[in-house]
Amino acid sequence: MSDPKAKCLYCEQTMDEIPLVAIHYRDQQYWICPSHMPLLIHNPAELVGRLPGAEKLTPHP
Ligand SMILES: [Zn+2]
């Protein structure tokens, strides 16, 4: 199994450039950088098209 190199699902910076946080969603693993972590929490609509299923996420105020 060849894992693609970890990179932020939003800005695509790799783990060589920035610390990445691994997230698990629907049996898949993704990575997100600290700068874009707030999108996942507060504005998941921004991730539609990048994170499959993001449209199902509810933003936290
Ligand atoms: Zn990022």
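Structure's up top.
Every value quoted in this text rests on a predicted model; they were computed, and no experiment measured them.

*Asks:* Residues and numbers for the overall build of the protein, please.
*Replies:* Helix and strand content of the protein: one helix and two strands. In the protein, the succession of α and β elements from N to C terminus is β-β-α. The C-alpha radius of gyration computed for the protein amounts to 11 Å, which stays within 12% of the reference 10 Å derived for 61 residues, consistent with globular compactness. When each of the 61 residues of the protein is scored for burial, the buried share is 18%. Long-range contacts, defined as pairs at least 24 residues apart, comprise 27% of the intrachain contacts of the protein with a sequence gap of at least 6.

*Asks:* Account for the nonpolar core, with residues named and values stated.
*Replies:* By size, the foremost hydrophobic cluster in this structure holds 10 residues: Cys8, Leu9, Leu20, Tyr30, Trp31, Ile32, Cys33, Leu40, Leu47 and Leu51. For this core, the element with the highest residue contribution is strand S2 (residues 28-32), accounting for three residues. Not counting the four nearest positions on each side in its chain, Cys33 is found in contact with Cys8, Cys11, Gln13, Ile18 and Leu20.

Analysis parameters
Every chain's residues receive numbers from 1 upward, in the order its sequence appears when written. Owing to the predicted nature of the model, reporting of local features is limited to residues with pLDDT of at least 70; listing and counting of side-chain atom pairs is limited to 80 or more, with chain, interface and lining totals taken over all residues. Counting from the N terminus, the helices are DSSP H or I runs at least four residues long and the strands are E runs at least two residues long. Radius of gyration: C-alpha atoms only; globule rule: 2.2 Å multiplied by the number of residues to the exponent 0.38. A residue is called partly exposed when the number of other C-beta atoms within 10 Å of its own lies between 12 and 20, exposed at 12 or fewer, and buried at 20 or more, with C-beta atoms placed from the backbone. Two residues qualify as being in contact provided that their C-beta atoms, derived from the backbone, are within 7 Å of each other. Here, a nonpolar core denotes buried Ala, Val, Leu, Ile, Met, Phe, Trp, Tyr and Cys residues that are linked to one another through C-beta atoms within 7 Å.

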